[in-house]
Amino acid sequence: YKRITVKSLGEMKVLGEKISMLTAYDFTMAKILDNAGLDVMLVGDSASNVMAGHETTLPITLDQMIYHASSVVRAATRALVVVDLPFGSYQSDPKEALRSAIRIMKESGAHAIKLEGGKEIKESIKRILNAGIPVMGHLGLTPQSIYKFGSYTVRAKEEEEAEKLKSDAKLLDKMGCFALVLEKVPAKLAKEIAESISIPVIGIGAGNGCDGQVLVVHDMLGMTHEFNPRFLRRYLNLFEDMTNAVAQYVDDVKSKDFPTDQEQY
Ligand code: KIV
Ligand code: NA
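Throughout this document, residue positions are counted from 1 along each chain, in the order its sequence is written. Chains carry letters from A onward and ligands carry numbers from 1 onward, assigned in written order. The predicted nature of this model means local features are confined to residues of pLDDT at least 70 and side-chain atom pairs, given and counted, to a pLDDT of 80 or more, with totals for whole chains, interfaces and linings taken over all residues.

1. Examining the pairing of strand 1 (residues 19-23)
In plain terms, the rule: To sort residues by burial, count the other C-beta atoms lying within 10 Å of each one's C-beta; a count of 20 or more means buried, 12 or fewer means exposed, and anything in between means partly exposed. C-beta atoms are built from the backbone. Comment: elements are numbered from the N terminus, with helices defined as DSSP H or I runs of at least four residues and strands as E runs of at least two. For two strands to pair, DSSP has to find at least two bridges joining them. Seen with its strands pointing away from the viewer, a crossover is right-handed when the path leading from the first strand over the helix to the second is clockwise.
Burial analysis of strand 1 places four of its five residues in the buried class, which makes it a mostly covered element. As judged from the four bridges shared by strand 1 and strand 8 (residues 212-215), these two strands associate in the parallel manner. Paired with S20 across the two strands is Q213, which belongs to strand 8. For strand 1 and strand 2 (residues 40-43), the ladder comprises three bridges, and the chain directions are parallel. Counterpart to T23 in the pairing with strand 2 is L42. Crossover handedness for the path strand 1 to helix 2 (residues 27-35) to strand 2: right-handed.

2. Describing the site of ligand 1
Put simply, the rule reads: In this text, near has one meaning. A residue is near a molecule or strand if its C-beta atom, placed using the backbone, is within 6 Å of it. Under this grouping Gly is polar, as are all residues other than the nonpolar Ala, Val, Leu, Ile, Met, Phe, Trp, Tyr, Cys and Pro and the charged Asp, Glu, Lys and Arg.
Close to ligand 1 lie T23, L42, G44, D45, S46, D84, V181, E183, I204, V214 and V216, which account for all nearby residues. Tallied by class, residues from the shell around ligand 1 come to five nonpolar, three polar and three charged.

3. Considering the pairing of strand 3 (residues 80-84)
Consecutive side chains along a regular strand alternate between the two faces of the sheet. Within strand 3, five of the five residues are buried, which leaves it mostly tucked inside the rest of the structure. Residue alternation in strand 3 divides its side chains into two sets, L80, V82 and D84 and V81 and V83, and both sets are buried. Alignment of strand 2 against strand 3, held across four bridges, turns out to be parallel. Bridging across to strand 3, V40 finds its partner in L80. Two elements, strand 3 and strand 4 (residues 112-114), share three bridges in a ladder whose sense is parallel. The partner of V82 across the bridge, within strand 4, is A112. In the classification by handedness, the crossover that spans strand 3, the intervening helix 5 (residues 94-108) and the parallel strand 4 is right-handed.

4. So, the UniProt feature "binding site: Mg(2+)" (unreviewed entry) in the protein
What counts, and what does not: UniProt positions are given in the numbering used here, feature names are shortened, and annotations may be inferred rather than shown by experiment. Residues are treated as contacting if the C-beta atoms built from their backbones sit within 7 Å of each other.
According to UniProt, the positions carrying the feature "binding site: Mg(2+)" (unreviewed entry) are D45, D84 and E116. Spanning 72 residues, the named residues nonetheless gather at one spot, since no C-alpha pair among them exceeds 10.9 Å. For D45, the position within the fold is in the loop between strand 2 and helix 3 (47-50). Apart from residues lying up to four places away in sequence, D45 is in contact with T57, I60, M65, D84 and P86. Along the chain, E116 turns up in the loop between strand 4 and helix 6 (122-130). Classification of E116 by C-beta neighbours within 10 Å gives buried; the count is 24.

5. Here's the deal with the environment of D219
Counting through the fold element by element, D219 comes out in helix 10 (residues 217-220). Among residues more than four places away in sequence, those in contact with D219 are T224, F227 and L232.

6. Thoughts on the sheet that holds strand 7 (residues 201-204)
Spelled out, the test is: What counts as an axis is a line fitted to C-alpha atoms, over the stretch in contact for a helix, and the angles between N-to-C directions run from 0 to 180 degrees.
Reading around the circumference, 1-2-3-4-5-6-7-8 is the order of the eight strands in this closed barrel, with parallel pairing throughout. Pairwise comparison of adjacent strand axes, ignoring direction, gives a mean angle of 25 degrees for this sheet. Sheet analysis places strand 7 next to strand 8, joined by two bridges and oriented parallel. Bridging across to strand 8, I202 finds its partner in G212.

7. Structural notes on the packing of helix 5 against helix 6
To keep things clear, this is the line we draw: An angle counts as roughly parallel when it lies under 35 degrees, as roughly antiparallel when it exceeds 145, as roughly perpendicular when it falls between 65 and 115, and as oblique in every other case. Left-handed describes a crossing whose near helix is turned anticlockwise from the far helix by less than a right angle; the clockwise case is right-handed.
It is the contact of helix 5 with helix 6, at a shortest axis distance of 8 Å, that shows an interaxial angle of 45 degrees. On the basis of their axis angle, the class for helix 5 and helix 6 is oblique. In this structure, helix 5 crosses over helix 6, and the sense of that crossing is right-handed. Across the interface between the two elements, P94, A97, L98 and A101 of helix 5 pack against E123, S124, R127 and I128 of helix 6. For the contact of helix 5 with helix 6, the residue count by class is five nonpolar, one polar and two charged.

Structural data, given as structure tokens:
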């Protein structure tokens, strides 16, 4: 694929080629991800935690999401860029939801938006889709509802919640969403959903039966180190490596080792 589109993702599902997705919030990181051949860059509202240090995803604003999204779009030459609609920018009514989605598309140049929820936000999704904006769904653990759940534990372990999840996934498929994120649900349930709907299911903590995987990039690079869920695979230990590098720099400055004659004018 020269340039990934929402159509390419659907083709990948049909061909059985798994979809790779990571979060991205800034230009420099996004350049690396795009260059490495990643399929989808998600400007997640996890920027609220990772970039701004908030405890939850709730505080991040639409303006702040647009700032992150513009930075990522400027780095994307191949990857599809999907942007989260932040908490409070789509829940009150479908018109507000469409206005927020339009602002993201217009002001950042992103390719698609994502929002959390199923049946409850059906009218909003419909309105956004009708405007020609591709929509990615997000079900299971939906962090914008953390105060309703009370914790970040695995969702849909009970029959009733699993049934609602299945019917929401079918609804998003039927309405014309191009993909669906399933967060922290049992692998067996995620596999069943992926096999029963036509659009790609991209999992995080949802097992290997999904059509693709997503992780928060700072987690998989090991820049964060206090977050250790079972589903997280760390490819580097940058927290340690970067700490050592900075400590070495401090030492070199203090000891007058840096800069040397060759490092000055
Ligand atoms: O904001 C985010 O990082 C996400 C992914 C975890 C799916 O929504
Ligand atoms: Na998110």
